[in-house]
Structure formats: C-alpha cells, structure tokens
Amino acid sequence: MITYNTENVKFPAIKRRETTAWIRRVAATYGKKVGEVGYLFCDDEHILQVNREYLGHDYYTDIITFDYDEGDVLNGDLVISLDTVRSNAELFHKEYDEELHRVIIHGILHLCGLNDKGPGEREQMEAAENKALKLR
C-alpha cells in the first residue's frame, strides 16, 4: 500500500491512483513488489528538521528515504520537500511536475537498491530516473 500525506504544505497536484500504478510498474522492472511505502510531502523547514534529527545532517534536501525493505518487498518512508523540488525545477530548467515525479521515483529507486553517492552512481541513478519517467 502506498500512502500520501502532507506536513505544512498543500497536497501536490499528482494523481494518486496513476502515481501508485506507475510506482508499482517501476518497482516490477527491478523484480520488486510494493509493500508499505509512505510519502510525506513537506516544506524545507520540516525536511531540515528530519535531516537533523534522524541523519545528523544540517542542510536542506529534496528527498530523504528511509528503507525498511524485506527481501523483494519495498517498504519505506519517503520525505519530500516541495520547496526544494520547486527550487531545483527552476535551477535545472525543468517543469515542476517533471521534477516532482523525478523525486517521487528517486526514492523508489533507492528502495530498489540504487545509490547515488559513489563514483558513477549519480549517472546510473539519473539514467534510471529517465527510464522510469518514460513509464509514466
């Protein structure tokens, strides 16, 4: 089950059923099933608080992924700052909707086992995001 909630922001203009079906399709391409995945859309201040409290990081980010996977079943909490998504869309000259969906699937790709911090991993993650966006 995939749930969508908000903290300090208005719910983003996404179609929940279509987004859920898309997430399931992307997960299936990695041989994974979706278990309990919770999205929390929030503002910069909330994600900064989460980053400080749970990860010891003192900076803003677009998404934080908490991974509770069990084998091939994806379970996790994904916290997304809509403020940072909007800033990044402007910075990278992307439509807000595209950037939001990129971040939504970025967290799922992390749950599928992809990383983006090591050598060459960022490029692999970006390629996977682009492939996933085409499945929308």
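Residues numbered from 1 in each chain as written. Predicted model: local features only at pLDDT ≥ 70, side-chain atom pairs only at ≥ 80, totals over all residues. Heavy atoms only, no water.

1. Quick notes on the environment of Ala-21
Move 1: Tracing the backbone through its elements, the reader meets Ala-21 in helix α1 (residues 16-29).
Move 2: Expressed as a C-alpha distance, the spacing of Ala-21 and Ile-2, which sit 19 residues apart in the sequence, is 9.8 Å. (Helix = DSSP H or I, 4+ residues; strand = E, 2+ residues; numbered from the N terminus.)

2. A closer look at the sheet that holds strand β3 (residues 63-67)
Move 1: Strands sit in the order β1-β2-β4-β3 across an open sheet of four strands; the sheet is mixed. At either end of the open sheet lies a strand with only one pairing partner, and these are β1 (2-7) and β3. The average undirected angle you get between the axes of adjacent strands in this sheet is 15°.
Move 2: Direction of pairing for β3 relative to strand β4 (residues 73-81): antiparallel, over a ladder of five bridges. If you follow Phe-66 over to β4, its bridge partner there is Asp-77.
Move 3: Each of β2 (33-42) and β4 touches helix α3 (residues 82-91); the most contacted strand, β4, lies at about 75° to it. (Pairing = 2+ DSSP bridges. Axes fitted to C-alpha atoms, helices over the stretch in contact; angles between N-to-C directions. Contact = heavy atoms within 4.5 Å.)

3. Remarks on the pairing of β2
Move 1: Within β2, seven of the ten residues are buried, leaving the element largely enclosed by the surrounding structure.
Move 2: The pairing of β1 with β2 spans six bridges and is classified as parallel. Residue pairing in the sheet places Asn-5 in a bridge with Leu-40 of β2.
Move 3: Relative to β4, β2 is paired through eight bridges, and the arrangement is parallel. Bridge pairing in β4 links Cys-42 to Ser-81. (Buried < 20%, exposed > 50% of the residue type's maximum accessible area, 1.4 Å probe, protein only.)

4. Things to note about the packing of α3 against helix α4 (residues 96-111)
Move 1: With their axes 9 Å apart at the nearest point, α3 and α4 run at an angle of 125° to one another. The orientation of α3 relative to α4 falls into the category oblique. α4 is crossed by α3, and the crossing has right-handed handedness. Within the contact between the two elements, α3 uses Leu-82, Val-85, Arg-86, Asn-88 and Ala-89 and α4 uses Tyr-96, Glu-99, Leu-100 and Val-103.
Move 2: Grouping the constituent residues of the contact of α3 with α4 by class yields six nonpolar, one polar and two charged. (Parallel < 35°, antiparallel > 145°, perpendicular 65-115°, else oblique. Left-handed = near helix turned anticlockwise from the far one by under 90°. Nonpolar A, V, L, I, M, F, W, Y, C, P; charged D, E, K, R; others polar.)

5. Things to note about unusual backbone geometry
Move 1: Backbone geometry at Asn-8 places phi at a positive 70°, although glycine is not the residue there.
Move 2: Residue position: Asn-8 is located in the loop between β1 and α1.
Move 3: The exposed category is assigned to Asn-8, whose relative accessible area is 55%.
Move 4: The phi dihedral of His-93 is positive, around 55°, even though this residue is not glycine.
Move 5: Within the secondary structure, His-93 sits in the loop between α3 and α4.
Move 6: Taking relative accessible area as the criterion, His-93 reaches 74% and is therefore assigned exposed.

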